[in-house]
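A structural walkthrough
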Amino acid sequence: MTAAPGGRAWALALLLGLIWGSSFMLTNMAVRDLPPLSLAALRLCFAALLLLGAAAAMGARLPGVDAKGRRLWVFAAGSGVFGTILPFWLISWAQIHVPSAMTGVLMAPMPLLSLVLSHFLITGQRMNALRIAGLLFGLLGVFLLIGPDAVGGADGHADGGVDGGGLMLLGQLASLGAMTCYALNGIAMMRAGPVDPLGMSAAVVGVAAIVALPLALWLEAPDLGAISLRTWALVGALGLGATALAQILIFAILALSSPPFLAAVNYQVPLWATVFGLVFLDEALRPMFWPALALILAGLALAQIGGRAR
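Residues numbered from 1 in each chain as written. Predicted model: local features only at pLDDT ≥ 70, side-chain atom pairs only at ≥ 80, totals over all residues. Heavy atoms only, no water.

**Observations concerning unusual backbone geometry**
- Positive phi, normally seen in glycine, also occurs at Ala221, with a value near 45°.
- Note on placement: Ala221 falls in the loop between helix 8 (197–219) and helix 9 (229–256).
- Within the chain, Asp282 stands out as a residue other than glycine whose phi angle is a positive 55°.
- Take Asp282: it is sitting in the loop between helix 11 (265–280) and helix 12 (289–309).
- Overall, the relative accessible area of 56% leaves Asp282 in the exposed class. (Helix = DSSP H or I, 4+ residues; strand = E, 2+ residues; numbered from the N terminus. Buried < 20%, exposed > 50% of the residue type's maximum accessible area, 1.4 Å probe, protein only.)

**Topic: the packing of aromatic side chains**
- Counted by the stated rule, this structure contains four aromatic pairs.
- The interplanar angle of 40° and the centroid separation of 6.2 Å between the aromatic rings of Trp272 and Phe276 together place this pair among those described as tilted. One end of the pair, Trp272, and the other, Phe276, are both in helix 11, four residues apart, so they sit about a helical turn from each other.
- By relative accessible area, which is 14% here, Phe276 ends up buried. (Phe/Tyr/Trp six-rings, centres within 6.5 Å; stacked < 30°, edge-to-face > 60°.)

**Side note on the side chain of Thr84**
- Structurally, Thr84 is set in helix 3 (residues 67–94).
- Once you skip the residues sitting within four places of it in the chain, Thr84 turns out to touch Leu44, Ser79, Val204 and Ala208. (Contact = heavy atoms within 4.5 Å.)

**Section: the packing of helix 5 (residues 110–121) against helix 7 (residues 166–190)**
- Helix 7 packs onto helix 5 with a crossing angle of 40° between their chain directions and a minimal axis gap of 9 Å. Overall, the two elements helix 5 and helix 7 adopt an arrangement that is oblique. Helix 7 is crossed by helix 5, and the crossing has right-handed handedness. For the pair formed by helix 5 and helix 7, the contact residues are Met110, Leu113, Ser114, Leu117, Ser118 and Leu121 on the first element and Met179, Thr180, Tyr182, Ala183, Leu184 and Ile187 on the second.
- Class assignment for the residues of the contact of helix 5 with helix 7 results in nine nonpolar, three polar and no charged. (Axes fitted to C-alpha atoms, helices over the stretch in contact; angles between N-to-C directions. Parallel < 35°, antiparallel > 145°, perpendicular 65-115°, else oblique. Left-handed = near helix turned anticlockwise from the far one by under 90°. Nonpolar A, V, L, I, M, F, W, Y, C, P; charged D, E, K, R; others polar.)

Structure, rendered in structure tokens:
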């Protein structure tokens, strides 16, 4: 059995929550100077360099070229495109029209969606009364969050202007689409079988970077020479911190604790996203935001209790 989490595990979990929670603010700031797919591609390039270097330094193994390895490369390619590039692209585009705090909260129900998908796709992962209650709380929270009076500052920028609602709704749906991609990706990777976690992460992000960069250059043709040092710093923070370092922290936390303890990081992310949005971006959130956040967090709590009850 895994021992109860100690102080180091708690410190790493707090750091991971801070990194993930701040990523929405950083994306909101960077997407003002970079097209959304270009931002996702450059972020992935930074992350791939760090993860591939970490994998080499720590002796982690990428998938091989035998039959099993080729199967894992198929999973890596699918995860890289549909579980990494697509959600990064959707989140970056959403941040043009939706405040970072709202985007962070709309990511929070991902574990609830994963429970529903696992019920149908993973043996032994059945829903129970508490998990169903958690799902209903989360759905109600999302319903309140995307309502017409849920949030102000719909353009996602510090001036707090409103874009009329149409693009805001599309941004909210894009955020939910990214959340769905993450949930589906998690289920798919569970079906990949035993892997070297760091090696597989390096393979996924490496494939994603190789695909995303030429796609961004073709579709958006960004002027890389015109990118300011400030924007490069934001991209580096997203790639090296919120993507690569976050993956390494996941493995460190799991080595010290357990998957349920790691899952509790999901409670932190919307809270930190809200704090960073309010403090550093001056985002104006209307009152309906807060009951929506409370319902989603309550749903996560009920779902986690339901998992322990099983």
